[in-house]
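# Close look at the chain arrangement
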Amino acid sequence: MVATLPKLEVCLSPALLHLYNTQGAVVVIIDVFRATSTIAAALHNGAKCVIPVADVQECINLGMQIPNSITAGERDGKVADGLQYGNSPSEYPRAFVENKTLVLTTTNGTRLLHMVQDADTIITGSFLNLSAVCNFLIQQNKPVLLGCAAWKDRFNLEDTLFAGAVVSRIKEYFSINCDSARAANYLYEHAKESTFIDFLRDSSHYKRLSAYGLSYDMEYCATPDLHPVVPILRGRELIVHT
Ligand code: MLT
């Protein structure tokens, strides 16, 4: 008898999340520019954990309660008022972040993370941990939803491209009957003719962040497998899956 493969779907925007059944699924939160890239970098560089929070005030309050913590995040791509640091992965080298708790709030990424309620498992994905995420999903052998954080509910290229990279690598292990997964895969197949960053230079968030002098961040975020960890949500904390 042929075993049934688990389902894999792609949700292109938080506004579409209600259309998908996340119960019992592994949900991958994707915010390539830059929240889930920063999470991978901080955890790979030895952060004790990352606490994603939806709200700036909550971030500040938690930072006051938790010893050895950093409050960080952005609104509209700029460091949010009242927080100590921003959402650049390069702000969190080992010498700074090791053994610290990063309390992080971002415009789209941490928001989507809080919207998913009943999943079996929540992890975060970015090009920085592409292979680690793909290997984890194959091992779990459960239904998967790749959830793009997008930009204020609007489709974006970078998260869809990453979703397509995952679909392309793991599709033989899953049953896929989802047109957004097919579209993401087509996008990836087209983009890999060049480098990811060459393709993404024409994206709206690349243009937004480069206007703030943050082009380097996006070159960093487009580098596959620089931080090969799987950040997994345990309670309120993202930690490294072991
Ligand atoms: C977000 O969550 O919207 C982003 O990570 C924004 C950014 O910092 O570039």
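This section reports on the structure supplied with the text. Just so you know, these numbers come straight off a predicted model, no measurement behind them. In this numbering scheme, every chain counts its residues from 1 along its sequence in written order. Given that this is a predicted model, residues contribute local features only at a pLDDT of at least 70 and side-chain atom pairs are listed and counted only at 80 or more, while totals for whole chains, interfaces and linings are drawn from all residues. Hydrogens are left out, water is left out, and the side-chain values use all remaining heavy atoms of the structure.

### A closer look at the site of the ligand
The environment of the ligand is formed by 13 residues, the closest being Asp31, Arg34, Asn87, Thr106 and Asn108. Under the rule applied, a polar contact is a pair of N or O atoms within 3.5 Å (in protein, one hydrogen donor and one hydrogen acceptor; residues adjacent in sequence only if both atoms are side-chain atoms). Within the side chain of Arg34, an N or O atom sits 2.7 Å from an oxygen atom of the ligand. Gly109 is positioned with one of its backbone polar atoms (N or O) 2.8 Å from an oxygen atom of the ligand. The accessible surface values rely on the Shrake-Rupley method and a 1.4 Å probe; as for residues, cover is taken only from the protein chains in view. A total of 270 Å² of accessible area belongs to the ligand in isolation, and the protein chains cover 100% of it. Each residue is assigned to one of three groups, with Ala, Val, Leu, Ile, Met, Phe, Trp, Tyr, Cys and Pro labelled nonpolar, Asp, Glu, Lys and Arg labelled charged, and all others, Gly among them, labelled polar. In terms of residue class, the shell around the ligand is made up of four nonpolar, six polar and three charged. Proximity is defined per residue: any heavy atom of the residue falling within 4 Å of a molecule or strand makes that residue near it.

### Considering the side chain of Ser180
Helix and strand labels come from DSSP, where a helix needs a run of H or I of at least four residues and a strand needs a run of E of at least two; each type is numbered from the N terminus. By the secondary structure assignment, Ser180 is in helix H7 (residues 179-191). Categorising residues by exposure relies on relative accessible area from a 1.4 Å probe, with only protein chains included: less than 20% of the type maximum marks a residue as buried, more than 50% marks it as exposed, and the intermediate range marks it as partly exposed. Residue Ser180 is classed as buried on the basis of its relative accessible area of 13%. The criterion used for residue contact is that any of the two residues' heavy atoms lie within 4.5 Å. Apart from the residues within four sequence positions on either side, Ser180 is in contact with Val10, Leu12 and Tyr20.

### Overview of the environment of Asn99
You can see Asn99 is positioned in the loop between helix H3 (94-97) and strand E6 (101-105). Accessibility expressed as a relative area gives 52% for Asn99, which makes it exposed. Setting aside chain neighbours within four positions, we find Asn99 in contact with Gly46, Ala47, Lys48 and Asn68.

### Focus on the packing of helix H6 (residues 157-170) against H7
To define axes, lines are fitted to C-alpha atoms, for helices over the stretch in contact only, and angles between the resulting N-to-C directions are given on a 0 to 180 degree scale. Contact geometry of H6 with H7 gives a least axis separation of 7 Å together with a crossing angle of 95 degrees. What the angle tells us is that H6 and H7 run roughly perpendicular. Two secondary-structure elements touch here, H6 through Leu157, Thr160, Leu161, Ala163, Gly164, Ala165, Val167 and Ser168 and H7 through Ala181, Ala184, Asn185, Leu187, Tyr188, Glu189 and Ala191. Grouping the amino acids of the contact of H6 with H7 by side-chain chemistry returns 10 nonpolar, four polar and one charged. An angle below 35 degrees is treated as roughly parallel, one above 145 as roughly antiparallel, one from 65 to 115 as roughly perpendicular, and anything else as oblique.

### Structural notes on the pairing of E6
With five of its five residues buried, E6 lies for the most part within the structure. Of the two faces of E6, the one carrying Thr101, Val103 and Thr105 and the one carrying Leu102 and Leu104 are both buried. The rule for pairing is simple: two strands pair if DSSP sees at least two bridges between them. Bridge analysis of strand E3 (residues 49-52) against E6 gives four bridges, and the strand direction is parallel. Bridging across to E6, Cys49 finds its partner in Thr101. Here five bridges tie strand E4 (residues 69-75) to E6, and the two strands are oriented parallel to one another. Across the sheet, the residue bridging to Ala72 is Leu104, located in E6.

### Concerning H7
Expected helix span is given by 1.5 Å per residue-to-residue step, counting one fewer step than there are residues. Its 13 residues give H7 an end-to-end C-alpha distance of 18 Å, which sits within 8% of 18 Å, the value for a rise of 1.5 Å per residue. The set of residues buried in H7 consists of Ser180, Ala181, Ala184, Asn185, Leu187, Tyr188 and Ala191. Viewed along the axis of H7, the buried residues span an arc of 160 degrees, placing them on a single side of the element. Seen from the open side of H7, the exposed residues pointing more than 90 degrees away from its buried face are Asp179, Tyr186 and His190. Where H7 is buried, its residues contact strand E1 (8-11), H6 and helix H8 (196-200). Taken from the helix axis, the directions to the C-beta atoms give the arc we talk about.

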